[in-house]
Every structure is written in structure tokens, then in C-alpha cells.
Amino acid sequence: MAAGEDGALSREAVLDYLDSHPEFAGEYVSRARATQGRDGVPIVNWQAQQLFSRRRGSRHFDQHPETALGVSTFFPRRPLSPARRYNLRKRSPRKQPSLEKLSKLNELDLMLELIRDIANELDMTNLCHKILTHVGILTNADRCSLFLVKGSRDNKFLVSRLFDVTPDSSVEQAMNATGSHEIRVPFGCGIVGHVAKTKETVNIRNAYEDPRFNRTVDQRTGYHTHSILAMPICSADDEVLGVAQIINKATGGHEFTDKDEEVFRNYLTFCGISIANAQMFEMSITEYKRNQILLQLARNIFEEQTSVDKVVHKIMKDAQDLLKCERCSVFLTEDLHEQGVDFSKIFDLVSGNDADKGVQSPSASTVAWLLESGLAKHVASTGEVLNLQNTGEDSRFQFTEEAETGFRIKSALCLPIYNRERKIIGVAQLLNKHNNELFDENDEGMFEAFAIFCGLGIHHTQMYENVCRLMSKQKVALEVLSYHATAREEDVGKLLSTISQTAQMPAATKIGLYDFRFNDFVMSEDETIQGAVRLFLECDLVNKFRVPYDVLCRWVLSVKKNYRPVTYHNWRHAFNVTQTMFVILKTAPFSSMFSDVEIFAMMTASLCHDLDHRGTNNAFQSKIESPLGRLYSTSTMEHHHFDHSIMIMNSEGNNIFQSLSDEDYRQAMSILEDSILSTDLALYFKKRGSFISRAQGGATDWTVEDNKSLLRAMMMTACDVSAICKPWEVQKKVAELVYSEFFQQGDIERTKLHQKPIDIMDREKKDELPKMQVGFIDSICMPLYKVMAEKWPSLHPLYEGCRTNRDHWQALSQQKTTIVLPEQTDTTSTGKRLASTSSTDDNHSETSTSDTGHSTIQTSEINLSGKLAVSSRECSTTDIVDKSADFTSKKTPLEHLILANKPKVAQDTDIQRICEEKRKEISWKRYTPADSKGQRIVQEAALKPRHAREEIVSHGQRTSSQPQQLCKKISRISLHCTDLEDVPREHIHNSRVCAIL
């Protein structure tokens, strides 16, 4: 290098040296950047490594790909595309060797240098340019061209990648020379088409003498082609990737020699590897872009679900951007039928016109033009995927020019859109790919993915619209339900006036609300409502939490209104449970163990714990797959009870928690839910062991929330089954109600579900009820009451009442009773007409009617009321008579029914009143005759009772073993009673009358 006057190097000299030694410049800059920090301070290697190692372990940041080593510049981590990873490898690009340097190399070194130059090149344009310039150098060719294979497997063609490249031209010059219009050559056409099809090398010494040569290019450009050497470029699998063509050798007689062919062939072998790698790289970039678009499409689908129009428009816009087409249309089907298909809606998007206009509906003329060809209807009807690369060649469809815009359909890709059930819900259509390209197999696969997303988007949006409609209907239904589920204002006013007048409100002590032996059977419905209000007043909850009296009255009346009139789990059961909870909370130490909010919530839960009970258990809801069973997998009815209580509170004027603070409100609602759910016996069995161990431990702190929550759960169960602790007469009536409800569920399971019910619900095993009741007490009640009585002596009355009732049930399970029915009916002598006896003597039980003149029937059926249960249509010979009852001195219900219809006593108001009372004591049960004819007669009686009565009695006389006098007597009794059509079939039980019926 030349030096200046002062001995220093001049700028011009340095630049000249760098121009002639470019590799030195690159190495110098890289070395300098590696040893300099951000502020120009040298950083040693280990410091740089430590600096980057701290950040590389970060979850949120990573080194910027193009940041020089040692510079602590960081950016958010993001996935790198294939193109970005390629740029990372090209951080220090290899300088292309100059022609001067290449000219000094021998043939072998030149070949290696040129191969090394293209080895890591993955950009297809740069790679093709390097291949052509290298070929020109190796063969001294004047101009070079490269054609790559495109199209499907059955329709391949060659496309000019770069055309007429000279050895000294740049990439930009080559691209400008090729232009935007590519040359497309089918396989087998022309020189390059012949080479691609046959894989042969073609060396033409005089191009104009070869008929395959096209002189049009020379005529257009003015260039004269002398010789042509064309050779295929193949992959490792010997598949043609392209064709390289060189024209006019620059030296000699313009002809390519055999040596040129050999060099050309050797170099193209390595070019095939590089082109295959570059094509795979292009495919990876394309797939990466497609995946990103599909991900964005999925986001759009799930972000926008309020309108089908918006979802479809986004999908169409993304499809146009990816597949590079001029027009995209979507047809939504309305109905598929034999005559064709009807479209409910059509979307049309023209590239570049509607990008910023949002969703627009096409005009009527555009819709008619889109449907005119019949392409969409054909695809919707057949489900066929159509890729028309030349619409003019397909005679099935008639494509015309659009009148408004002059748009012509050159190529089309059309496929069906399916929903989740594989039902065609629409058609998607792409028209005219950009740059006159054709839709290929990749486009078909990508468009099918778009169609799938389009189907999902449409399906989800339609589901969302349906959900919105259903939610609106639900809101309306809830408003209606809330209105009808809320107590009437006149009832609220009546109850409110009763509360305001203390004299009319029953005192808690007077009606026994402080007693575990409380009996609600003596109270009327209005008195039970007043008693429920009295329970909350006695706890002083109204004053402590400032509950308005009208809100309390309206809530209590609404709760009562939402209890169904089922046999047992009704309003009275809820009232009894609440009364038992009240007594427990009022006794020591529970009165001081719970806070006021807890007491308020537990009292509320007790009254609401069986809201809207249907008279069936959780297992039954699962068996019939009811909506409740599908809604809640566990504790089905308990969850429904809680939800129903919340629904009542959310009704206007029913929120008794409205004055609670936010913290107290959350605590009250949590306790309310836990307490109601705790009435599920399945949860009781899970928790009971832990409660017993803690209660018997002695050192348990019941003020701890976990222990207190467990205690509240056990208290709810103790109150829920507290009827087992009532006095014997009350307990018997309650048990009768319980098993009557159980039997109704069992009957449904047997007749409707065709399943055998469990023993406790099986009417056929009613004679085992006392035994099953003992089992219920031993397995559920006694362990709980015993532990609670031992831990808290104030609860001993519960345990004592349970133990006493168990003894009664045990005695009933071991005894047998009989009813002796006389042969003749004597209405003047009660003692002669009907006698009852009880005996355990087998000989006495087997006495025949002919010997004694009486009909003695052995049975173990239990009438839980302890009285002779006779319906207004029955003379039961199988019901049990209490052994202590003196039926010879007291009239039975049957006798009163008969006497009430005698002319002589019809005027006796006392007898009429007693008969009416006895009618209310009737116990109805199910009966089905054993023989098929009897069943048919019973069915006819249900439809035509008056006309069928004589046939019923006649059939009974033929099938019954009793004398005809008994049949006549029963017939006379039935004539004085309610007509058969008034008696539900499921209420008739196995009496002698039913045996005749």
C-alpha cells in the first residue's frame, strides 16, 4: 500500500487494499466486534460468556440473534422462523470469489470453489443465479437459463426461474432481464421440455436446424442463437428438478465440446443437491407461514363468535392472503333436497377492493352471476372437490363474464364445508390465482384446512347464537318462574298483620317449639307458617341483622310455596327439621359455640334443605337420566335444593341476607351451601367416622373452623332424620309417610324402568318394614345420636327417643296379627259384624271357614298407623288390627261408612261427621289381580266404572274362594262409596275387594 508524505497510510490506499482483499475486511470487523463492549471497553471472553449465560437461562428474554458477542442487548423470546434461522447462519456471509481469482485456479480447484460457493445457499433466486454464473465460467457460455419443475405429478411443466444470465451479471440484472412474466414449458415441448421428459442431454451445434428450437425469442430480442447445450438437474432419487440450458460458447466456433458436457454434468450433480435443499427450505418457510396463518385463523374464530358474517369475512380475508387469489366466495346452505340445493347466504370478497370495508353482502346481480355457473351447487350436492385449472375446457359449467366488473373466471378451486357431524353446511370457492398461476395440490390441502376452520367457525358461531337465544329464553323463564314462585302480596300482608299483632302470634312455648318431642300434626298450614316465622324471631335474627318483616314473611311464604306436595319431603318436613335445629342451637353449649351469622345460615339451610324435592332420591335421578342428573353428578338433589334457595333469595323482596356485610354475606352463603349439601347421606357416611373420632377424643377444639364445619354437617343430618326421635305415635305416622313415598318410587322403577327396586322401596316387601326400620336406626341414627348425647348431654333426649322407637320397631318385626271376618254382615251389631283377634297359635290360624263360620286370614302386613285401615271401597282382610283395640265396642271406619248410608242414621250429624273423619284416615295402596282376565276387567273399570261394576263383581264371585254373601256384601259397600273413576288405580291395595276386582 502506498504511504502518504508523513509515512501514514492514506484513506484511498486503505480502501484500495480492502477492495482487493475483502476477506481481510470481514475477519477484521468480526474480530473487532468480538473484543469490544457496548461502550468500546474490551471484554474478555469469559466475561462475555458469563454475561450471556445469565440471560440465556431467563424464561422471558433471549439474546438478539444479530447482536455481536459481548453486547448485552436482549429482546423478548419468540419462535424463530426457518428464514430467520437461515439468516443467523449467514451472520458472516461468504464473499463470492472474483472472476480474477477464479481465473487463476486450475480446473479441479475451480470446481471445488464453485461447489463450495453454492453449498450453503438456501435462497432459490440467489442459488439459481450462482449456478448459472458458475456454469458460464466453467463452460465459457455466453448466456445461461434455468427452468424448474412445477405442477402436480400428473401435470408437470417447466417454469423459467432466471433467463439469459451472463457470467458477469448481478442478481438484480438477471431478475430484470427475466421480468415478471415467466416462461412456462410443458413436459415434452421444445428442447428443455424434451430434456425434462427424457432426462437426456441435448447438445445442438446449430439451433436453427433443430425443429424443436423456437425462433420467436431471437426475433424479439435480436439475439442470434448458434448452439445449445441442455441438461437435466436431478435429485438423489433421480427425479428431475429442473433443466439448465447454456447458449453460444464464447470461444471457438460457438459449439460446446464433449469436455464441456462432462464439466457441465459434474457440476449439475452438486447443483441438484443444492436445489433440493433450497426447495425444502422454501417448503419449510411456506409451511411456517401457513401454520402462522392457521393459528391466527383459529384465534379469529374463537375471538369473534358473535356474528357468522364477521367470522366468514375474516376466514375469507386470510384465505386470500395466503393462497394469493383474486376472489373468494362462501355459500352457506339452507336446505339440501333432490331437486338441488338452496343457499341461505352468500359472501363474496374481491382482492384489493373490500379489504377495509368490512362485511358486505354482494348485490343481487353478483349473486346471480356466482350461481350461474352451477359450480357451487354441484359441489354442495356431490361433496366433490373441484380444481379447474382451465374453466373453458370443462363442459359441465358455463362461466361468463361479470356484467358489473368484467371479471372472468380462468381457474377455480371449490370444495364443500362440513360441520362437526360431517354434514355439508356450505361451499368455499377461490377464483383466479395471481400472476396467472394455477391452483396446485398444496393449494388444495391448504384450502381444505381453511374449509375445516370455516366449518368450525360457522358451527361455533351458530352454537353461540343458539346459546344466546336459549339464555334469553332462560331469563324469561326465570322471570316467570320467579314471579310464580314468589308468595302473593295478599298472603304476605296477611302474615305481616298476624306478626304485628302479638296476641294472634302463637307463643313458642305454647306450641312446643323448645321441645324435641314437638308434633306438627296438630297444627294447621297457617300455624306452621307462623311457627317458622316464630323460630327466626326467637333467635332474634330479625333485629340483629335488620331483616325487614315483610322480607321475612315473603321469604317464608315463598319457601313454603316451592315445596312440592309430595308425601314426606314437603313443607312440614322442612319445618320439623328447622324446629329441631332451633332446639339444638338454643341448648348449651351450642348457643355460645356458633356466631349469629352461622346460626342465621344454619336456620335458613334447615328450612330450605329439601326445596323442590320430587319425592325421589339421587339414584333415581341418575337412572332416568333427568336434567338434574346430567347437571350434577354427585349430590344431585342437594345441589338443586341449594340452587333453588338461591333463586328464591334472588327474587325481588326475598333476600333475607340483604343487610349482611360483604364478608358476612360470603360466610352465610358458604355455610348455607355446605349445610344443604351435608344432608346427602353419602357425604354423611364419609364424614361420620372423622366426627366420632374427634368427639370421642375429648380434646377437640370445636371453635376451630374445620371442626366446626364437621359439627354443622352432623347437626344437619341429626335434624334431617330427627323424626326417628319423636314420640312413638308421631314416629309411626311419619314412618308411614316415608315408606309411602319410597314405595311410589319403587313402583315407578318396577313399572316404568323395569327394574327391581331396593328392599326399602319394594312394595312387595312391605311386611319387612319394621325390620328395615330397625336396620335404618342401627346404621344411620343410633351411632350419631349416641356420640352426640355422650359429648353433649343436652342432646340426650334425641338419643333416648331414638332408642325407644327402636324397641317398638323391634317388637313389631317379631309379632304376627290376624283379622277375623264374619260370614254374614250385621249392621245392628258391631260385635257380630266384625271381630278382630290376634293369635300366634298355628292351629288357630289354620281354622277353616266351614268349621267356624268365619274367614280367618294369616298375615304379617303392618299398618303403621296402628288402626284398621279400610278404604271407602274396601273390606280389607289382610290389614293388621292393633291387639289392644276393642273393635267390639268401637265402631270401625267400615261400620261408619255403612251406617252413614242407612236411611235411619243418615240424619245423624255426629255419625256423618265421624264418617267424614274416617274417610280422611283411608290408606290407599296398589293392587294388580293375579289373573289376566281380572287385570283386563280392572282396566275396563278404570275407563267405564259404572258399566263394569257388575262384571267385576261377577268375576270376583267366580274367582274368589269366599262365599257369595261376602261378595254381595262388598258390592253393597262399594255402592255407598266414591265411584271407581275417582279412585286412582295406583292407590288400590291388596284387599279382598281388590281380590274380587
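Residues numbered from 1 in each chain as written. Predicted model: local features only at pLDDT ≥ 70, side-chain atom pairs only at ≥ 80, totals over all residues. Heavy atoms only, no water.

**Focus: unusual backbone geometry**
Defined as follows: Runs of E in the DSSP output that reach at least two residues are strands. Runs of H or I that reach at least four are helices, and both are numbered from the N terminus.
You will see that Asp164, though not glycine, has its phi angle at about 55°, which is positive. Inspection of the secondary structure puts Asp164 in strand β4 (residues 156-165). You will see that Asp238, though not glycine, has its phi angle at about 60°, which is positive. In this fold, Asp238 is placed in the loop between β7 (228-234) and β8 (240-249).

**Here we look at the side chain of His569**
Just so we agree on the cut-off: What qualifies as a polar contact is a pair of N or O atoms within 3.5 Å, subject to a donor-acceptor requirement within protein and to the restriction that residues adjacent in sequence count only when both atoms come from side chains. Any pair of residues with heavy atoms lying within 4.5 Å of one another is described as a contacting pair.
For His569, the position within the fold is in the loop between α19 (549-561) and α20 (571-586). Side-chain polar atoms of His569 contact the side chain of Glu741, separated by 2.5 Å. Ignoring sequence-local partners within four residues, the contact set of His569 consists of Tyr563, Arg564, Asp610, His613 and Glu741.

**Examining the nonpolar core**
Stated formally: The set of buried Ala, Val, Leu, Ile, Met, Phe, Trp, Tyr and Cys residues whose side-chain atoms join them within 4.5 Å is what this entry labels a nonpolar core. Summary of the burial criterion: residues with accessible area below 20% of their type's maximum are buried, those above 50% are exposed, and those between are partly exposed, where the area comes from a 1.4 Å probe applied to protein chains only.
If you look at the biggest cluster of nonpolar residues, it comprises 109 residues, and the most contacted ones within it are Trp555, Phe691, Met715 and Tyr785. Of the residues forming this core, the biggest block, 12 residues, is contributed by helix α30 (residues 769-791). With residues up to four places along the chain from it excluded, the contact list for Tyr785 reads Ala718, Val721, Ser722, Ile724, Cys725, Leu798, Tyr799 and Cys802.

**Description of the sheet that holds β7**
How we decide: Note on pairing: two strands pair once DSSP finds at least 2 bridges between them. Lines fitted to the C-alpha atoms define the axes, with helices restricted to the stretch that makes contact. Angles between their N-to-C directions range from 0 to 180 degrees.
With antiparallel pairing, the 6 strands of this open sheet are ordered in space as β5-β4-β3-β8-β7-β6. Looking at the sheet topology across the chains shown, the edges are occupied by β5 (184-186) and β6 (202-204). Ignoring strand direction, the axes of neighbouring strands in this sheet form an average angle of 25°. Both β4 and β5 contribute to a ladder of 3 bridges, which runs antiparallel.

**Concerning the pattern of salt bridges**
Short version of the rule: Here, a salt bridge means any Lys or Arg side-chain nitrogen found within 4 Å of an Asp or Glu carboxyl oxygen.
Applying the stated criterion across every chain yields a total of 41 salt bridges. Here Glu525 makes a salt bridge to Arg572, at a shortest N to O gap of 3.1 Å. With Glu525 in helix α17 (residues 525-538) and Arg572 in helix α20, the pair connects residues that are 47 residues apart, well separated along the chain. Its relative accessible area of 34% is what places Glu525 among the partly exposed residues. Each of Asp520, Glu525, Lys560 and Arg572 takes part in one network of salt bridges that share partners.

**Focus: the UniProt feature "binding site: Zn(2+) 1" (unreviewed entry) in the chain**
To keep it simple, the criterion reads: UniProt positions are given in the numbering used here, feature names are shortened, and annotations may be inferred rather than shown by experiment.
When the UniProt feature table is mapped onto this chain numbering, "binding site: Zn(2+) 1" (unreviewed entry) sits at His573, His609, Asp610 and Asp720. Across 148 residues, the annotated set stays spatially compact, with a maximum C-alpha separation of 9.9 Å. Checked against the element boundaries, His573 lands in helix α20. Apart from residues lying up to four places away in sequence, His573 is in contact with Tyr568, His609, Asp610 and Asp720.

**Thoughts on the environment of Ala451**
On the secondary structure map, Ala451 appears in helix α15 (residues 441-485). When the C-alpha atoms of Ala451 and Val330 are compared, they prove to be 9.7 Å apart, with 121 residues separating the residues in sequence. Excluding its chain neighbours within four sequence positions, the residues that come into contact with Ala451 are Leu415, Pro416 and Ile417.

**What to know about helix α12 (residues 308-323)**
Where we set the bar: By this rule the span expected of a helix is its residue count minus one, scaled by 1.5 Å.
Taking 1.5 Å per residue as the helical rise, α12 with its 16 residues ought to reach 22 Å, and the 22 Å between its terminal C-alpha atoms agrees with that figure. Of all 16 residues making up α12, 12 are buried, and the element is well covered by its neighbours. Within the sequence span of α12, burial applies to Val308, Asp309, Val311, Val312, His313, Ile315, Met316, Asp318, Ala319, Gln320, Leu322 and Leu323. Lys324 sits one or two residues past α12 and shows a positive phi near 55°.

**Some thoughts on the pairing of β8**
Of all 10 residues in β8, 10 are buried, a share of seventy percent or more. By the bridge criterion, 7 bridges tie strand β3 (residues 141-151) to β8 in an arrangement that is antiparallel. Its bridge partner lying in β8, Ser145 is registered against Gln245. Taken together, the 7 bridges between β7 and β8 define a ladder with antiparallel strand orientation. Each bridged residue has a counterpart across the sheet, and for Pro232 the counterpart in β8 is Val243. Adjacent in sequence and paired antiparallel, β7 and β8 are bridged by 5 residues, among which Asp238 carries a positive phi angle near 60°.

**Remarks on the side chain of Gln245**
Tracing the sequence through the fold places Gln245 in strand β8. Once residues within four sequence positions are removed from consideration, Gln245 is found in contact with Arg143, Cys144, Ser145, Val192, Ile228, Leu229 and Ala230.

**Thoughts on helix α13 (residues 364-372)**
Stated formally: Starting at the helix axis, one direction is taken to each C-beta atom, and the arc is that of these directions.
Those residues of α13 that sit buried are Thr366, Trp369 and Leu370. Projection of α13 onto a plane perpendicular to its axis shows the buried side chains occupying an angular sector of 100°, all on one side. Immediately beyond the C-terminal end of α13, within one or two residues, lies Gly374, with a positive phi of roughly 80°.

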